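An overview of the molecular structure
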Amino acid sequence: MPINNELAMQRTGLAEKRTDLAEKRTGMSAQRWSQGLTVAIVLLFLGLAAFIPLALTGVELADVFTLNSQVVQTLTAMTIFLLMLTLGVKTPLASLVILWQQPGLLGRSLLAALVIFPLGATVIGYLFLHGQPEAAAIGLGLAVLAASPGAPLLTQRASMAGGNVAIATSLQVTLATLAVVTTPLTLLLLTAIFARVQASADYLLIAKQVLTVQFLPLGLGILIRSLGREMASDVGDLLTTVANTLFMVLLVFLLGFSLVTIPTVPWRGLAVIPLVVAFGLMFGHLLGGPNLETRSSIATGTIARNAGLALFLATANGAIQAIPTIIAYMVVGAIAALPYNVWIKRQQQAIAEE
């Protein structure tokens, strides 16, 4: 009898656990539906915010799909804002400061991403493009990219390259924070030396633009996480869904543009991109220290420029001639970095098998 009672109790416990699991699954399903509905509503309002001003001002639909489209500029700004906000909400403080706790590595990382890469892009671009009629437009594109560090998806790219995700996250936040100062300063120096074009020279305005779309949402996200610790995870999940959806919409736009714009980039412009990427990877890897994962994170962080910020700055400051080069860097640069990613993965596998 005692054995039968014990078996009955175990069966009852299992039944209760199954019921709990079923309730959790139902709750998760309802939560997904709720999040999906919220995302749909948010995207609807964002779409209206982008398109209504165009309708009121009489802009034709064909103008939406041009390089200087107000819709693309608005969508880019919204996407960057939400990606930075999501990063601030979802990233624990310990992950934010892990690179700051290693001053030597921090200094070398900033040297690679903020000094060596822009200088390398400048020199390589000058050597390949000097005296060419297309030098101004391509040079400006390289300058804007060099001035836009801290790609929003750096963590994902570092993970794909076998890098240390915590280091990549900390580097991403650090670069995004410093961009308020480094972006206008880098543009000021590089455009004066390398790409003299008729574009906005108001570098205080550029600093304000970077502050608005990148630094402000990042700080707001960190504040939300610190004030609402219990709700931060749910808020972060919702923001991630919205931001990723917006990013995919923007990516579709950019892929469509790339089919038209990349063929317009002269062969010298396309050839210079793999060289710039290889240069950045080499110095980022060398300055990343002895650990292979850290080296991969710093190398990836060096070449992973914030193309969204670069596009926003180009369109907002009348430099649309730089857009084809920016889009080409997104596509050709990602392809050029693949051999390094494969090599890192093989090195890690070889170490693991020893």
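Everything here concerns the structure above.
Notes on the structure follow. (Residues numbered from 1 in each chain as written. Predicted model: local features only at pLDDT ≥ 70, side-chain atom pairs only at ≥ 80, totals over all residues. Heavy atoms only, no water.)

Here helix α5 (residues 135–146) contains 12 residues, and its C-alpha end-to-end distance of 16 Å stays within 8% of the 16 Å for a straight helix at 1.5 Å per residue. When you tally the buried positions in α5, you get 10 out of 12 residues, the bulk of the element. Taken as a whole, α5 has its buried residues at A135, I138, G139, L140, G141, L142, A143, V144, L145 and A146. (Helix = DSSP H or I, 4+ residues; strand = E, 2+ residues; numbered from the N terminus. Expected span 1.5 Å × (residues − 1). Buried < 20%, exposed > 50% of the residue type's maximum accessible area, 1.4 Å probe, protein only.)

Mapping Q156 onto the fold places it in helix α6 (residues 154–160). By relative accessible area, which is 42% here, Q156 ends up partly exposed. Residues Q156 and A168, 12 residues apart in the sequence, show an inter-C-alpha distance of 8.9 Å.

The next thing to look at is the layout of surface pockets. Its boundaries defined by the atoms lining it, the largest pocket holds a volume of some 790 Å³. Forming the walls of the largest pocket are 33 residues, and the residues nearest its centre are L153, R157, F247, M330 and A334. Looking at the lining of the largest pocket, the elements with two or more residues in it are α2 (70–90), α6, α9 (232–261), α11 (292–303), α12 (307–316) and α13 (323–353). Considering each element in turn, the lining of the largest pocket owes the most residues, 9 residues, to α13. Every element with two or more residues in the lining of the second largest pocket is listed here: α2, α6, α7 (165–193) and α9. Here the residues of the lining of the second largest pocket are counted per class, giving 6 nonpolar, 8 polar and 1 charged. (1 Å grid on protein atoms, 1.4 Å probe; cavity = no way out; pocket = protein on both sides within 12 Å on 5 of 7 lines; lining within 4 Å. Points joined across faces, edges and corners; volume = space filled by probe spheres on them. Nonpolar A, V, L, I, M, F, W, Y, C, P; charged D, E, K, R; others polar.)

Turning our attention to the packing of aromatic side chains. Counted under the stated rule, the structure contains 2 aromatic pairs. Consider the rings of F279 and F283, whose centres lie 4.7 Å apart with planes at 45°: the pair is tilted. Here F279 pairs with F283, and both are found in helix α10 (residues 267–286), just 4 residues apart, close to one helical turn. Relative accessible area serves as the criterion here: at 27%, F283 is assigned to the partly exposed category. With a centroid separation of 6.2 Å and an interplanar angle of 40°, the aromatic rings of Y340 and W343 are classed as tilted. On the criterion of helical spacing, the pair formed by Y340 and W343 is a turn pair, its members being 3 residues apart in helix α13. Exposure remark for Y340: the relative accessible area of 11% places this residue in the buried category. On the basis of relative accessibility, which here comes to 40%, the residue W343 falls in the partly exposed class. (Phe/Tyr/Trp six-rings, centres within 6.5 Å; stacked < 30°, edge-to-face > 60°.)

Next up on the list: the side chain of Q172. Tracing the backbone through its elements, the reader meets Q172 in helix α7. A residue is classified by how much of its surface remains accessible, and Q172, at 0% relative accessible area, is buried. Setting aside chain neighbours within four positions, we find Q172 in contact with M84, L87, G150, A151, P152, L153, L154 and T155. (Contact = heavy atoms within 4.5 Å.)

Where nonpolar side chains cluster on the molecular surface, the patch consists of L220, L223, I224 and L227 and spans about 360 Å² of accessible area. Within the secondary structure, L223 is located in helix α8 (residues 203–227). (Patch = residues over 30% accessible without salt bridge, like charges linked within 9 Å, V, L, I, M, F, W, Y side chains within 5 Å. Areas by Shrake-Rupley, 256 points an atom, 1.4 Å probe, with all protein chains shown as cover. Salt bridge = Lys/Arg side-chain N within 4 Å of Asp/Glu carboxyl O.)

With 12 residues, α11 should cover 16 Å at 1.5 Å per step; its first-to-last C-alpha distance of 17 Å lies within 8% of that length. The backbone nitrogen of E293 has a side-chain oxygen 3.0 Å away, supplied by the residue at the start of α11, namely N291. (Polar contact = N/O pair within 3.5 Å; in protein donor to acceptor, adjacent residues only side chain to side chain.)

This part takes up the nonpolar core. Ranked by size, the top nonpolar core spans 68 residues in total, and within it L313 and I326 carry the most contacts. The greatest single-element share of this core, amounting to 10 residues, is contributed by α2. Setting aside its immediate chain neighbours within four residues, L313 contacts V144, S148, T183, L187, I206, Q209 and V210. Residues L99, L106, L110 and L114 belong to the second largest nonpolar core, which totals 15 residues. (Core = buried A, V, L, I, M, F, W, Y, C linked by side-chain atoms within 4.5 Å.)

The topology assignment puts N306 in the loop between α11 and α12. Among the residues examined, N306 registers a relative accessible area of 1% and is labelled buried. The contacts of N306, once residues within four sequence positions are left out, are S148, P149, G150, A151, P152 and Q214.

That's the geometry; what it means functionally is another story.
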